[in-house]
Amino acid sequence: MKQSISQIKKSLTDKKIGVAELYSEYANKAKANLNNSYNYVIDDDENKLFIEQSQQRYTSGDNLPLDGIPLGIKDLFCTKGIKTSASSKILSNFIPQYESFVTKELLNSGSIFIGKNNCDEFAMGSSNETSHFGPVINPWRSKTSPDDDLVPGGSSGGSAAAVAEGSCVASMGTDTGGSIRQPASLCGIVGLKPTFGSCSRWGIVAFASSLDQAGPLANCVEDAGHILNAINKHDFNDTTSSNHKREDYVSEIHEKMEGKIKIGIPSDYLIDVNQDILNQIENTKKVLSKHEIEFVDVKFTTTDFALSTYYIIAPAEASSNLARYDGIRFGVREDGESLDDIYLNSRTQGFGDEVTRRILIGTYVLSAGYYDAYYRQAQKVRRLIKDDFQRVFNEVDFILTPTTPNEAFKIGDKLDPISMYKNDIYTVPTSLAGLPGISIPSGLSSNGLPLGIQLIGNYFKEKQLLQLAALAEKELAFNE
Amino acid sequence: MSDIDIKRISYLAKLKLPSEKETFYANSLKDIIKWVDNLKEIDTSDVKPLHNVTESTESIRKDEIKKDNSVDDVLNNAPERANNFFKVPKVVE
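Residues numbered from 1 in each chain as written. Chains lettered and ligands numbered in written order. Predicted model: local features only at pLDDT ≥ 70, side-chain atom pairs only at ≥ 80, totals over all residues.

### A word on the overall build of chain A
So, step 1. Per the secondary structure count, chain A includes 15 helices and 11 strands.
So, step 2. Whereas a compact globule of 480 residues would reach a radius of gyration of roughly 23 Å, chain A reaches 21 Å, a difference of no more than 12%.
So, step 3. Viewed in the frame of its principal axes, chain A has a C-alpha envelope of about 70 × 55 × 50 Å.
So, step 4. Looking at chain A as a whole, 62% of its 480 residues qualify as buried. (Helix = DSSP H or I, 4+ residues; strand = E, 2+ residues; numbered from the N terminus. Rg over C-alpha atoms; globule rule 2.2 N^0.38 Å. Buried ≥ 20, exposed ≤ 12 C-beta atoms within 10 Å, placed from the backbone.)

Spelled out as structure tokens, the structure:
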């Protein structure tokens, strides 16, 4: 079984292993996976100082919360002096002159970055197949057709595969409609999307600004808590960064939860769901019921409209955010005779098919004559979705759903965009409502592939959500 | 739903789709717009659009100059530069 952050820190404190030795162990695996789960692996030389400083802190007995912990970083976070491509051709030469808020906090906590994880281009995808640098292969193989290369999910596919293959202890991802939770589920690890506004978006390549949220992918719930402790802070550079009171998300994670817990299971999520997925829900219910947790059926009225709402709002915001890529100030320029030709050529040749498709959808729904019918209507339905969740949260403390409607599928299998979009059916509603959600591995499918369950909490209830997830993780014993 | 004018949409998005791909994107766009059309079934006449999901007041900070970026660092990413400027083809005759 893989070691947790606490266990690794103990080995470092007890001098059973040194920071440099630990780093090499992970970095060597990462180097072997370059061009798969990593777009870029940082040179050992560049990390030498960080490694030495971390070791000194251990030697002096005064270490930081994530000291010496090797992390993978989704290639969507700006990292100062380190290539940041968003897995796009148009940013393939981009070296940020500043550090994103989240990665800065991770560095301040003593962690060491192994490299930049491959992802879907501009985080638009659910299989990591839209990356300009090629797909990521899921480290898991199915029992029935072990020769098939499977997708890791997306868009944080490289971040999920890297944790699952053991080339980093944990990784950073971003989640707009399920991009942390869905790959975590397909790779058999933990993925947390915090409440919108918890972790600053500053320095994250923007996809859909009202939805994007950073969060950890990790081997266990406690590790996700450690990362959350480091990154969940207010930031003046992000106007949507929340002012709520931050808590310690780890110190009481294994303690018994206060009061009687009630969990809602949305019956409308489980229509036409295959038996493997249903088993995950049934099993979770069974193991948690031992802990005086009550389960009730709940029903949403807006589920059928969530994906439509998302596929209007997210592309609309994306088309605006991606207007900045023009080949003038940074990124790849394609030559042209006039300024306008440079814009047209750089953008047309710089964006892949899925990104182009979403820019076109977004431009269409925002264009004169369609704005009210699509974009404004979607924003109104988004309020109904949020209200729907609040109504349910008046009855229950948490919601339990599957994370994905299926196990990891074969690379190249889902060619039609709509069938790909449907992969996020369980994660998108939570994102639209801005609520925190965590996916934890719950069992294996009949093909021997990992499946996950999603636990959803109310706004800023990450502490309680992680407590419940840690309990479910212990009872489901997936890692044992 | 009316037909989608893919030329107009790509023009607005500053994209120059190769002619062989125009039909591909037009059909794809049409399928997706048809798929999201179910939102029209919902009566939202009394509903206010939701922009900021946590509906917190956006935090305001003082507009103070912070020298986080040097001109050189920023311009190092420019495809073409001349002195302290981004360089583009001549715009004004």
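### Comments concerning the nonpolar core
The tendency in soluble globular proteins is for nonpolar side chains to be buried as a group.
All names here are of chain A.
So, step 1. Ranked by size, the top nonpolar core spans 151 residues in total, and within it Leu71, Val190, Leu455 and Ala469 carry the most contacts.
So, step 2. Of the residues forming this core, the biggest block, 10 residues, is contributed by helix H9 (residues 303-321).
So, step 3. Discounting chain neighbours no more than four positions away, the residues touching leucine 71 are Leu106, Ser111, Phe113, Ile114, Cys168, Val169, Ala170, Ser171 and Met172. (Core = buried A, V, L, I, M, F, W, Y, C linked by C-beta atoms within 7 Å. Contact = placed C-beta atoms within 7 Å.)

### Some words on the sheet that holds strand S10 (residues 437-444) of chain A
All names here are of chain A.
So, step 1. Read across the open sheet, the 11 strands follow the order S1-S3-S2-S4-S6-S5-S10-S11-S9-S7-S8; overall the sheet is mixed. Each edge of the open sheet is held by one strand with a lone partner, namely strand S1 (38-41) and strand S8 (293-298). The sheet shows a mean angle of 30° between the axes of neighbouring strands, direction not considered.
So, step 2. Pairing geometry for strand S2 (residues 70-74) and strand S3 (residues 112-117), over five bridges, is parallel. (Pairing = 2+ DSSP bridges. Axes fitted to C-alpha atoms, helices over the stretch in contact; angles between N-to-C directions.)

### Brief notes about the packing of helix H2 (residues 19-32) of chain A against helix H3 (residues 44-60) of chain A
All names here are of chain A.
So, step 1. Closest axis-to-axis distance for the H2/H3 pair is 9 Å, and the angle between their directions is 140°. Taken as axis vectors, H2 and H3 run oblique relative to one another. Between H2 and H3 lies a crossing whose hand is right-handed. Where H2 approaches H3, its residues Val19, Ala20, Tyr23 and Ala27 are matched on the opposing element by Asp44, Asn47, Ile51, Ser54, Gln55 and Tyr58.
So, step 2. Grouping the constituent residues of the contact of H2 with H3 by class yields six nonpolar, three polar and one charged. (Parallel < 35°, antiparallel > 145°, perpendicular 65-115°, else oblique. Left-handed = near helix turned anticlockwise from the far one by under 90°. Nonpolar A, V, L, I, M, F, W, Y, C, P; charged D, E, K, R; others polar.)

### Focus: the pairing of S3(A)
Residue and element names in this part refer to chain A.
So, step 1. Where burial is concerned, most of S3 is hidden: six out of the six residues are buried.
So, step 2. Two strands pair when backbone bridges link them, and S1 and S3 are joined in this way by three bridges, in the antiparallel orientation. Bridge pairing links tyrosine 38 to asparagine 117 in S3.
So, step 3. In this view, the connection linking S2 to its parallel neighbour S3 by way of helix H4 (residues 101-108) has right-handed handedness. (Right-handed = clockwise from strand over helix to strand, strands pointing away.)

### Looking at the environment of A:Ala378
So, step 1. Inspection of the secondary structure assignment puts A:Ala378 in helix H12 (residues 371-393).
So, step 2. Of the residues examined, A:Ala378 has 25 C-beta atoms within 10 Å and is grouped as buried.
So, step 3. Among all residues touching A:Ala378, those that are not within four sequence positions of it are A:Thr309, A:Ile312, A:Ile313 and B:Leu39.

### Focus: the interface of chain B and chain A
So, step 1. Facing 44 residues of chain B, the contacting portion of chain A comprises 56 residues.
So, step 2. When residues of the side of chain B that touches chain A are traced back to their parent elements, those giving at least two are helix H1 (6-12), helix H2 (19-36) and helix H3 (71-75) of chain B.
So, step 3. Ranked by residue count, the leading element in the side of chain B that touches chain A is H2(B), at eight residues.
So, step 4. Tallied by class, the residues present in the side of chain B that touches chain A amount to 25 nonpolar, 11 polar and eight charged.

### Let's talk about H2(A)
All names here are of chain A.
So, step 1. Taking 1.5 Å as the rise per residue, H2 with 14 residues should run 20 Å; its terminal C-alpha atoms sit 20 Å apart, in good agreement.
So, step 2. All of the buried residues in H2 are Val19, Leu22, Tyr23, Tyr26, Ala27 and Ala30. In an axial view of H2, the angular spread of the buried residues amounts to 120°, which keeps them on one side of the axis. Opposite its buried face, H2 presents the exposed residues Glu21 and Ala32, each directed more than 90 degrees away.
So, step 3. Along its buried surface, H2 packs onto helix H1 (5-13), S1, H3, S2 and S3. (Expected span 1.5 Å × (residues − 1). Arc of directions from axis to C-beta.)

### Digging into the environment of A:Gln349
Residues and elements named next belong to chain A.
So, step 1. As for its position among the elements, glutamine 349 is in helix H10 (residues 339-350).
So, step 2. Exposure remark for glutamine 349: the 15 C-beta atoms within 10 Å place this residue in the partly exposed category.
So, step 3. Spatially, the C-alpha atoms of glutamine 349 and isoleucine 265 are 46 Å apart, while their sequence positions differ by 84 residues.

### So, unusual backbone geometry
Residues and elements named next belong to chain A.
So, step 1. In this structure, serine 155 follows glycine 154 across a cis peptide bond, with omega equal to 10°.
So, step 2. Mapped onto the secondary structure, serine 155 falls in the loop between S3 and helix H5 (157-165).
So, step 3. The phi dihedral of glutamate 292 is positive, around 55°, even though this residue is not glycine.
So, step 4. Within the fold, glutamate 292 resides in the loop between helix H8 (275-289) and S8.
So, step 5. For alanine 477, which is not glycine, the phi torsion reads 45° and is therefore positive.
So, step 6. Relative to the assigned elements, alanine 477 resides in the segment after helix H15 (462-476).

### Observations concerning H3(A)
In an α-helix, one turn spans 3.6 residues, which is why side chains three or four residues apart end up on the same side.
Residue and element names in this part refer to chain A.
So, step 1. For H3, built from 17 residues, the straight-helix expectation of 24 Å at 1.5 Å per residue is met to within 8% by its first-to-last C-alpha distance of 23 Å.
So, step 2. Its axis deflected by about 25° at phenylalanine 50, H3 carries its strongest bend there.
So, step 3. Among the residues of H3, Ile51, Ser54, Gln55 and Tyr58 are the ones counted as buried.
So, step 4. Phi turns positive one or two residues past the end of H3, at glycine 61, with a value near 80°. (Bend = angle between axes of the 7 residues up to and from the residue.)

### Thoughts on the packing of H9(A) against H2(B)
So, step 1. Running from N to C, H9(A) and H2(B) point in directions that differ by 130°, and their axes come no closer than 9 Å. Comparing the axis directions of H9(A) and H2(B) gives the class oblique. Contact residues: H9(A) offers A:Ser308, A:Tyr311 and A:Ile312, while H2(B) offers B:Ile32, B:Trp35 and B:Val36.
So, step 2. Broken down by class, the residue content of the contact of H9(A) with H2(B) amounts to five nonpolar, one polar and no charged.

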